[in-house]
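# Remarks on the overall topology
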Amino acid sequence: MQSAPAALRNDAVRNWLIAIAAMIFFMIVLGALTRLTESGLSMVEWRPVTGWLPPLSDAAWQAELQKYLSSPQGRLVNRGFTVAEFQQIFWLEYLHRLWGRLIGLAVALPLACFWLRGRLTPALKPRLIALLVLGGLQGAVGWAMVASGLVDRPSVSHYRLAAHLLLAVALYAYTVWLALELGAPPGLADRRTSREAGGLIVFLFVVMTFGALMAGLRAGSAHNTFPTMSGYWIPPGLFGLEPWWINTFENGTTVQFIHRWLATLLALGVLALSIRVRRREALAAGAMALVQFGLGAATILSGVSIPIAVAHQAGAVLLLTTLLVVRHRAKTKLSTSPSVIMSA
């Protein structure tokens, strides 16, 4: 059993990780809003060090607007934009990038402080370094996504959009898991529940992958009926592209069809787990699965209403959170120390 001061030090690290997870969650929500408002291509340069300042004068705004109007989206979609109209999309993308920089500082500075004061265990240090490195990689992936929409078309690659979203969600999950490892209450090992929750987490990432592809292809508005797709259980055009397998990733109808049915299977799987386990965290996961399924249907029926679609993306992350808690509490062995670091 560790001494009280050691436990308090680990509590401080855990609280810091919870704050980081909350910041990443907000970043994911902000990213959804940026994508849905078509704001992501408003900043056509990536200046990770000097780009934290917005335009500060009328001349600077005009210069920024001209850069945008020379991009594919500016030329082909918004060529008549005024400065005021441009500012409406610019500020969302600016806030998205600024928040990413703030997350980087919120990770790096306390990490250095905890490290220098000896408040990190040897097992935790490489995990936190990995968090910092992966966060930097996420910024590069985000720019690679934006750059794909600055060449010859007014939209980003849906593959890169999916990679950007999934890495953000993985960073969130990793941070939440570290926080759980530092502060989980004692529990009894339940390998079956741990395996099932782990499988559902992997399956959720697959569902989110097709949701991201669907968003990148703007496929959400292709069929705005539920539970059928424009009156069909199996809609026509599922294999309209050649070769046939490319439909899985590039045909909006096929991607929406797959996303719908995978989401249905996921909801049923989480509900089955919650009914079998009947512990508080499992019941919370089952309830969240129902809410998330309802938000998905509402997103389709609303014609991809921005508030509902943003809530749907946030709901996926909250469902992931509940499943992480279920898995962690099922794998946690009885322990007297609240600050033991266990391997995932």
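See the structure shown above.
Described in the following lines is the structure provided in the data block. Predicted, not measured: the structure shown is a model, and the values here were computed from it.

### So, a nonpolar patch on the surface
Judged by side-chain polarity, Tyr159, Phe239, Trp244, Trp245 and Phe249 come together as a nonpolar surface patch covering roughly 600 Å² of accessible area. Here Phe239 shows up in the loop between helix 7 (191-216) and helix 8 (247-250).

### A look at the pattern of salt bridges
Applying the stated criterion across every chain, the model contains nine salt bridges. Between Arg218 and Glu38 there is a salt bridge; the shortest N-O distance is 2.9 Å. Taken together, the positions of Arg218 in the loop between helix 7 and helix 8 and Glu38 in the loop between helix 1 (4-36) and helix 2 (58-69) put the pair 180 residues apart, joining distant regions of the chain. With relative accessibility at 43%, the residue Arg218 sits in the partly exposed group. Its relative accessible area of 34% is what places Glu38 among the partly exposed residues. The salt bridge involving Glu45 is made with Lys67; its shortest N-O contact spans 3.2 Å. On the criterion of sequence distance, the pair formed by Glu45 in the loop between helix 1 and helix 2 and Lys67 in helix 2 is long-range, its members being 22 residues apart. Put simply, Asp190, Arg279, Glu281 and Arg329 are held in one network by salt bridges that share partners.

### As for the nonpolar core
Where a protein is soluble and globular, its nonpolar side chains tend to be buried together. Counting residues in each nonpolar core, the largest one holds 68 residues, and the members touching the most others are Trp16, Leu17 and Leu323. Of all the secondary-structure elements, those providing two or more residues to this core are helix 1, helix 4 (83-116), helix 5 (124-147), helix 6 (158-183), helix 7, helix 9 (252-277), helix 10 (280-301) and helix 11 (306-331). Of all the elements, helix 6 adds the most residues to this core, at 15 residues. Setting aside its immediate chain neighbours within four residues, Trp16 contacts Ala106, Val107, Pro110, Leu111, Phe114 and Leu128. Of all hydrophobic cores here, the second largest spans ten residues; its members include Met43, Tyr68, Ile89 and Phe90.

Conventions and cut-offs
- Residues numbered from 1 in each chain as written.
- Predicted model: local features only at pLDDT ≥ 70, side-chain atom pairs only at ≥ 80, totals over all residues.
- Heavy atoms only, no water.
- Patch = residues over 30% accessible without salt bridge, like charges linked within 9 Å, V, L, I, M, F, W, Y side chains within 5 Å.
- Areas by Shrake-Rupley, 256 points an atom, 1.4 Å probe, with all protein chains shown as cover.
- Salt bridge = Lys/Arg side-chain N within 4 Å of Asp/Glu carboxyl O.
- Helix = DSSP H or I, 4+ residues; strand = E, 2+ residues; numbered from the N terminus.
- Buried < 20%, exposed > 50% of the residue type's maximum accessible area, 1.4 Å probe, protein only.
- Core = buried A, V, L, I, M, F, W, Y, C linked by side-chain atoms within 4.5 Å.
- Contact = heavy atoms within 4.5 Å.

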